Amino acid sequence: MAFRFFVPILAGATLRERLLACIGAPIGIALTGVISGLAMGGGPHVALLVAPMGASAVLLFAVPSSPLAQPWSIIGGNSISALVGVTVAHFVHDPVIASGLAVALAIATMSFTRCLHPPGGAAALTAVLGGPAVLSFGFLFPLVPVALNSTILVALGLLFHRLSRRNYPHVHAPVGNSHATADPPAAKRVGFRPEDVDAALAALDETFDIGRDDLERLLRQVELQAMARSHRTLLCRDIMSRDVISVPENATAAEARKQLLDHNIRALPVVDADGRLAGAVGLRELTQTTETVKGVISKAGTASPETPAMSLLPVLTDGRSHAVVIVDVELRILGLITQTDLLAAAARMQVTDKSPLKAVA
């Protein structure tokens, strides 16, 4: 309890995420200053930076999934706010009034241009109170150094996040129907609906630092996890198929296709020379030109026999996966669970849950 104030308050914050932020921020800030200085004719030891870039770096490297940390938010928010600040300083000469007015107008302008960025308030304030250094730039200040700094910092952030395998810019990929029909995906046909999320946000009457689509995706995952937790007694070994049809990775596409059609299955596990799971193929993969299935195998969803069966719900309802391969610690195939297997088990559990009520009635 003595150290609870040092626990990150951001959901999902891990030690790895914080370390990456600590590595990326100094690299981004240092290179932004050097490159900006060189671009303006200074030497390699002349850093051309404005203070709001430090706050932008915190968002860019520490919370890259935040709507406030996206490329347009950083570049547009800082540059537009700096322009607002310079304009206010030009017409309002009282620093106290100009300071408040610049920040207020910066918030309004960023909101209308969909680039709300907290350091933008600092950029507007810097334009008002920056003194001779800012006055020397005049109305060029929003472009040089603010827009220049922001653009270079974002470019470096894109490269850093790409190298560290982080999703930036953060784009929510909507889950569509894998059958290319108008129906919503299976996971969205039950439970809450998008309008329920909108109604809940309206009822709370608060602003949250998370995109609406990400919020809906998070809530659906919570719903699945809660459902899985409430049915943890049923294990994968209880419902898995044990006579699993598989093919070696050196099998031809024609052989794999024949197995799929002969056994009326949609996914076929592929094993390597040692009999260990290498991946899976389906008819979609086999439409590609290939001599052996090894060239078109995709990653297979796996679980152990002791895994709660209902915890496979997120995988088998993602619109892409049709089966989960049950393996041992050496990746040798022990069984297979399909969407049908899980549906049948869930239906049976539902009937079992209701049977005592029928008996009482």
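Throughout this description, residue numbers start from 1 for each chain and increase along the sequence as written. Given that the model is predicted, a residue must reach a pLDDT of at least 70 before its local features are reported, and side-chain atom pairs must reach 80 or more before they are shown or counted; all residues, however, enter totals for whole chains, interfaces and linings. Water and hydrogen atoms were dropped before computing side-chain values, which therefore reflect all heavy atoms in the structure.

**Details of the overall build of the protein**
Looking only at helices and strands, one finds 14 helices and six strands in the protein. Using a 1.4 Å probe on the protein chains alone, a residue whose accessible area is under 20% of its type maximum counts as buried, one over 50% counts as exposed, and one in between counts as partly exposed. Classification of the 361 residues of the protein by burial places 36% in the buried group. Whether two residues are in contact is decided by their heavy atoms, any of which lying within 4.5 Å being enough. Considering only contacts in the protein between residues 6 or more positions apart, those separated by 24 or more positions represent 62%. Residue-level accessible areas treat just the shown protein chains as cover; the underlying method is Shrake-Rupley with a 1.4 Å probe. As presented, the protein carries roughly 21,200 Å² of accessible surface, and 64% of it is formed by carbon and sulfur atoms. A run of DSSP states H or I qualifies as a helix once it reaches four residues; a run of E qualifies as a strand once it reaches two. Both are numbered from the N-terminal end.

**Observations concerning the sheet that holds strand β4 (residues 301-303)**
Pairing between the strands of a sheet comes from backbone hydrogen bonds, and it takes one of two forms, parallel or antiparallel. Strand order in the open sheet formed by three strands is β4-β5-β6, with mixed pairing between adjacent strands. Each edge of the sheet is formed by a strand with only one pairing partner; in this case those strands are β4 and β6 (333-338). Averaged over all neighbouring strand pairs, the angle between strand axes comes to 30 degrees, with direction disregarded. Think of it this way: DSSP has to see at least two bridges between two strands before they count as a pair. One ladder, built from three bridges, connects β4 with strand β5 (residues 323-327); its direction is parallel. Looking across to β5, one finds that Gly301 is bridged to Val324. A fitted line through C-alpha atoms serves as each axis, taken over the contacting stretch for helices, and the angle formed by two N-to-C directions is quoted from 0 to 180°.

**So, the pairing of strand β3 (residues 277-281)**
By the criterion of burial, β3 is predominantly enclosed, with four of the five residues buried. Direction of pairing for strand β2 (residues 268-271) relative to β3: antiparallel, over a ladder of four bridges. Paired with Val271 across the two strands is Leu277, which belongs to β3. Counted along the chain from β2 to the antiparallel partner β3, the turn is five residues long, and its residue Gly275 has a positive phi close to 80 degrees.

**Things to note about the packing of helix α2 (residues 52-62) against helix α5 (residues 119-129)**
At a closest axis distance of 8 Å, the pairing of α2 and α5 adopts a crossing angle of 175 degrees. When the axis of α2 is compared with that of α5, the two are roughly antiparallel. Touching Pro52, Ala55, Ser56 and Leu59 of α2 are Pro119, Ala122, Ala123 and Thr126, all from α5. Under this grouping Gly is polar, as are all residues other than the nonpolar Ala, Val, Leu, Ile, Met, Phe, Trp, Tyr, Cys and Pro and the charged Asp, Glu, Lys and Arg. Considering only residue class, the contact of α2 with α5 consists of six nonpolar, two polar and no charged. Oblique is the label for any angle not under 35 degrees, not over 145, and not in the 65 to 115 range, which are roughly parallel, roughly antiparallel and roughly perpendicular in turn.

**Observations concerning the nonpolar core**
Here, nonpolar core refers to any group of buried Ala, Val, Leu, Ile, Met, Phe, Trp, Tyr and Cys residues whose side-chain atoms link them within 4.5 Å. Within the largest apolar cluster, 20 residues are counted, with the highest numbers of intra-cluster contacts made by Leu60, Phe61, Phe141 and Leu153. Among the secondary structure elements, those contributing two or more residues to this core are α1 (15-39), α2, α3 (71-91), α5 and α7 (142-163). No other element matches the five residues that α2 contributes to this core. If near-sequence neighbours (up to four positions away) are discounted, Leu60 is found in contact with Ala69, Ile74, Leu153, Val154, Gly157, His161 and Tyr168. Within the second largest apolar cluster, 16 residues are counted, among which are Cys236, Met310, Leu313 and Val324.

**A word on the environment of Leu38**
Take Leu38: it is sitting in helix α1. On the basis of relative accessibility, which here comes to 46%, the residue Leu38 falls in the partly exposed class. Residues Leu38 and Leu48, spaced 10 residues apart in sequence, show a C-alpha to C-alpha distance of 8.6 Å.

**Re the packing of aromatic side chains**
For any pair of aromatic rings, the description consists of the separation of the ring centres together with the inter-plane angle of the planes. For Phe, Tyr and Trp, where Trp contributes only its six-membered ring, two rings pair if their centres lie within 6.5 Å, and the inter-plane angle classes them as stacked under 30 degrees, edge-to-face over 60, or tilted in between. Summed over the entire model, instances satisfying the criterion amount to two aromatic pairs. Judged by centre distance (5.6 Å) and plane angle (75 degrees), the ring pair of Phe61 and Phe160 falls under edge-to-face. Of this pair, Phe61 sits in helix α2 while Phe160 sits in helix α7, placing them 99 residues apart in sequence. On the basis of relative accessibility, which here comes to 1%, the residue Phe61 falls in the buried class. Between Phe137 and Phe141 the ring centres are 6.5 Å apart and the planes differ by 55 degrees, which places this aromatic pair in the tilted class. The class for Phe137 is partly exposed, based on a relative accessible area of 29%. Note on Phe141: relative accessible area 3%, which makes it buried.

**Quick word on the side chain of Ser73**
Note that Ser73 resides in helix α3. Classification of Ser73 as buried rests on a relative accessible area of 5%. The residues touching Ser73, leaving out its near neighbours within four places in the chain, are Pro67, Leu68, Asn78, Cys115, Leu116 and His117.

**Focus: the side chain of Ser56**
Its location among the elements puts Ser56 in helix α2. With a relative accessible area of 0%, Ser56 lands in the buried category. A polar side-chain atom of Ser56 sits 2.8 Å from a polar atom in the side chain of His117. Contact partners of Ser56, with chain neighbours within four places excluded, come to Ile74, Asn78, His117, Pro119 and Leu153. N or O atoms closer than or at 3.5 Å make up a polar contact, with two conditions inside protein: a donor-capable atom paired with an acceptor-capable one, and, for residues adjacent in sequence, both atoms drawn from side chains.

**Section: unusual backbone geometry**
Across the junction of Val144 and Pro145, the peptide omega takes the value 15 degrees, indicating a cis bond. In this model, Tyr168 is joined to Pro169 through a cis peptide bond whose omega is -5 degrees. Along the chain, the position of Pro169 falls in the loop between α7 and α8 (194-204). Backbone geometry places Arg114, a non-glycine residue, at a positive phi of 55 degrees. Looking at the element boundaries, Arg114 is found in the loop between α4 (95-112) and α5. We note that Asp205 has phi near 55 degrees; this positive angle belongs to a residue other than glycine. Here Asp205 is to be found in the loop between α8 and α9 (212-230). Of the residues examined, Asp205 reaches a relative accessible area of 66% and is grouped as exposed.

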